[in-house]
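# A structural walkthrough
What follows is each chain in one-letter form.
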Amino acid sequence: MTKKIDLEESFLYDRHVLEYIHRASEHGLYDIRGLGAKRRVPNFDDLVFLTASASRYPLEGYREKCLTRTVLGTRRAKKPITLDIPITIAGMSFGSLSANVKEAIGRAASEVGTSTTTGDGGMTQEERASSKTLVYQCLPSRYGFNPQDLKQADAIEMVIGQGAKPGGGGMLLGLKVSPRVAQMRTLPEGIDQRSACRHPDWTGPDDLTIKINELREITDWQIPIYVKLGATRVRDDVKLAVKAGADVVVVDGMQGGTAATQQVFIEHAGIPTLPAVRQAVEALDEMDVLGEVQLVVSGGIRTGADVAKALALGADAVSLGQAVLMALGCNSPSYFDGQEQVDVSDEYAKLGTGPGYCHHCQTGLCPVGVTTQIPELEKRLQPDWGARRLKNYLQTLTMELTTLARACGKSNVHHLEREDLVALTVEAAAMAKLPLAGTDWIPGDPPKRES
Amino acid sequence: MESLELESIDLQKLSVRQLNHYLHHEIGTTSPSRVEILNPNGLHNIAVGLDAPVRVDVRGHGGYFLGGMNRQARIVVHGNVGWSVAENMMSGEVQVKGFASQCAGASAHGGLLFIEGSASSRCGISLKGGDIVVGGHVGHMSAFMAQAGHLVVCGDAGAGLGDSLYEAVIYVRGKIHSLGADAREEPMAEEDYATVGQLLSRTGLDCSPREFKRVASAKTLYHWNVDADQEY
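Residues numbered from 1 in each chain as written. Chains lettered and ligands numbered in written order. Predicted model: local features only at pLDDT ≥ 70, side-chain atom pairs only at ≥ 80, totals over all residues. Heavy atoms only, no water.

## Concerning the overall build of chain A
- In terms of regular secondary structure, chain A is built from 15 helices and 18 strands.
- For 451 residues, the compact-globule estimate of 2.2 N^0.38 gives 22 Å, and chain A sits close to it at 22 Å.
- Dimensions along the principal axes, computed over C-alpha positions, put chain A at roughly 80 × 70 × 50 Å.
- The proportion of buried residues among the 451 residues of chain A is 59%.
- Long-range pairs, those at least 24 residues apart, make up 66% of the contacts in chain A with a sequence separation of at least 6.
- With an accessible surface of roughly 19,100 Å², chain A has 52% of that area assigned to carbon and sulfur atoms.
- Of the side-chain charges in chain A, 50 are positive and 56 negative, and the distance between the mean point of each set is 2 Å. (Helix = DSSP H or I, 4+ residues; strand = E, 2+ residues; numbered from the N terminus. Rg over C-alpha atoms; globule rule 2.2 N^0.38 Å. Buried < 20%, exposed > 50% of the residue type's maximum accessible area, 1.4 Å probe, protein only. Contact = heavy atoms within 4.5 Å. Areas by Shrake-Rupley, 256 points an atom, 1.4 Å probe, with all protein chains shown as cover. Lys, Arg positive; Asp, Glu negative; His and termini not counted. Charge placed at Lys NZ, Arg CZ, Asp CG, Glu CD.)

If you want it as structure tokens, here you go:
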């Protein structure tokens, strides 16, 4: 007779772990994949707003203005960036994404009045031409990095780390190193390209100070300089970035995506965005630069509610990566060929996955033409269609953001505050240092004395 | 700026910011095509981001990033330099008459960096097409991840030379302490002798190309695992 324990799955060695061990035993290689962490971690869904009631006065949802204007880089740059909305597009490389996708992103961002960002691979002319406000990344690899493009940029982002792989460099597998990508990166076509994880010309924070000054000198102190950090030791790193002279600090939580890296990185390095925002804000406060140095938060921002919560916790703006790709059709069962939707479920199946589960950006075989360099696949995402989709998505986020802000009685989304939020779980309450809903208990805070 | 009309700029009187503004916006148009910088005293970011066919003489020692992102200009340093001289240079020439600290010529895309003395560690790191000639020795991990261009070392090379090289080629006249991952010594071909000879002649160094060894990538790291058909 079969006992229940004979068919009971081990908690420690469940099917996922068994499959991992069997695969590792077969190939002797780690898994590389795209996108971000799949595991559940405390996140913005674990917070809710205390919108207005008798004790607070809401604004009329459809008639009263709620401002979304956002200014970044006010500390030392002569020309800070002014955006219409506090939702920006994160750095994603030409190489990981097609030129069509970069163009669509630039056009959508320009239409809604926000910025987009280059990536590991340099600036394409399509991207510069289509983007009203373009942030130029300075990455450890320095692929395609040059002073001409630097002088065309509206801001510079010094990338120290990325939420998906803090402490690690980028990867671009051979299938995506097309002739154009190879030429831009000064690499042989078709090789598996490994980006450096450290900058070639500076190391510690003291050097960073000098490096930032070099970039300012070259650009005549005109444009803002961001410093992007993968969220690990957030409090220390934010303070060092501020001390080094950053105008804007970008903190990317562990839910942030990537074109490709080792899975062990994606799931096991860095801290979630939720505690990262809180630590970053505390660091800025302790340095007495709140409002002077702006904070941009990224890593798993998906909805207008996520944006509103990040702003309420103290961010000045958010940055989106994976969600942008999804707006463009990532993980959709079909693509639009200009006349109708074309089902590509079979192509997902060939990759060993399906729409809704795919993370095979690293292969370059994206069935919907987003993360590819193969011309036939790239055609599946046309800039017109993509720009319209992304514009709609960003517009939706902004409407949701202002809806929540108005309901909290705010006439400006930047007036959202921590007092507007409570947490639904003990973990989220501890990480965000917010009271657990329905209580005045903040885990970790000293107990209040009875008066 | 009070000394616009002068060829000599004294960094005891003007800031680096004023100097660079002058070099970016006024030189080559209304100003002379030759500029002398006095009293650099190890200051950082001297003459960065130049984009004009001018000659700049730095009379003394420079700090970090001297000549960074240079285009077209010929910069001569009559002294030593700190970290990352001529980093990300695109074209032109930077000459250091003394010694250079770490990361000299990092990620240079073009141009010639000539260091008459020795260069410290990571010389030519991430090189992307520029040429570097070092009259003395280079420190450890030089030409790390160098992608294109040439590093010519007339003296010895430290440990881990050419680690993770791509298509850049290294020529060493003296001893090589050790090679880095995927770097290997290869026979010199006539083309190599010609390349070394041409670079040496540009610097005026008196060495024979026949004395040099060639180090290049073995290309075993270009693909992770071909047998596994990238199933990783």
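## Description of the sheet that holds strand 11 (residues 213-217) of chain B
Residue and element names in this part refer to chain B.
- With mixed pairing, 11 strands are arranged side by side in an open sheet as 1-2-3-4-5-6-7-8-9-11-10. The strands lining the two open edges of the sheet, one partner per strand, are strand 1 (8-10) and strand 10 (183-186). For this sheet, the mean inter-axis angle between neighbouring strands, taken without regard to orientation, is 15 degrees.
- As defined by bridge partners, strand 4 (residues 74-77) adjoins strand 5 (residues 93-96) across four bridges and the pair is classed as parallel. Residue pairing for strand 5: Val-77 is matched across the bridge by Val-96.
- Contacts from helix 1 (residues 16-25) reach strand 1, strand 2 (34-38) and strand 3 (55-59), with the element oriented near 175 degrees to strand 2. (Pairing = 2+ DSSP bridges. Axes fitted to C-alpha atoms, helices over the stretch in contact; angles between N-to-C directions.)

## With respect to the interface of chain B and chain A
- Each side of the interface is counted separately: chain B has 44 residues, and chain A has 46 residues.
- Both sides of the chain B and chain A interface together cover about 3,800 Å² of buried area, and 59% of this is carbon and sulfur.
- Scanning the region where chain B abuts chain A turns up two salt bridges.
- Of the charged contacts, one joins Glu-87 of chain B and Arg-142 of chain A as a salt bridge, the two residues approaching to 3.7 Å between their closest N and O atoms.
- Applying the counting rule to chain B against chain A returns 15 residue pairs in polar contact (both at pLDDT 80 or more).
- Broken down by element, the side of chain B that touches chain A gets its largest block of residues, six residues, from helix 1 of chain B.
- Here the residues of the side of chain B that touches chain A are counted per class, giving 19 nonpolar, 18 polar and seven charged. (Buried area = accessible area lost by both parts, 1.4 Å probe. Salt bridge = Lys/Arg side-chain N within 4 Å of Asp/Glu carboxyl O. Polar contact = N/O pair within 3.5 Å; in protein donor to acceptor, adjacent residues only side chain to side chain. Nonpolar A, V, L, I, M, F, W, Y, C, P; charged D, E, K, R; others polar.)

## Here's the deal with the pairing of strand 8 (residues 155-159) of chain A
Residues and elements named next belong to chain A.
- For strand 8, a buried count of five out of five residues is recorded, marking the element as mostly surrounded by other parts of the structure.
- Burial of strand 8 is two-sided: the residues Ala-155, Glu-157 and Val-159 facing one way and the residues Ile-156 and Met-158 facing the other way are all buried.
- One crossover worth recording links strand 7 (residues 133-138) to the parallel strand 8 by way of helix 4 (residues 147-152), and it is right-handed. (Right-handed = clockwise from strand over helix to strand, strands pointing away.)

## Structural notes on the environment of Val-16 of chain B
- By the secondary structure assignment, Val-16 of chain B is in helix 1.
- By relative accessible area, which is 14% here, Val-16 of chain B ends up buried.
- The spatial distance from the C-alpha of Val-16 of chain B to the C-alpha of Val-48 of chain B is 9.7 Å, given a sequence separation of 32 residues.
- Non-local contacts of Val-16 of chain B, meaning those with residues more than four positions away in its chain, are made with Glu-217 of chain A together with Leu-11, Leu-43, His-44, Asn-45 and Ile-46 of chain B.

## Points about helix 10 (residues 304-313) of chain A
Residue and element names in this part refer to chain A.
- Burial analysis of helix 10 places nine of its 10 residues in the buried class, which makes it a mostly covered element.
- Along helix 10, the positions that sit buried rather than exposed are Gly-304, Asp-306, Val-307, Ala-308, Lys-309, Ala-310, Leu-311, Ala-312 and Leu-313.
- Gly-314 lies just past helix 10 and shows a positive phi near 125 degrees.

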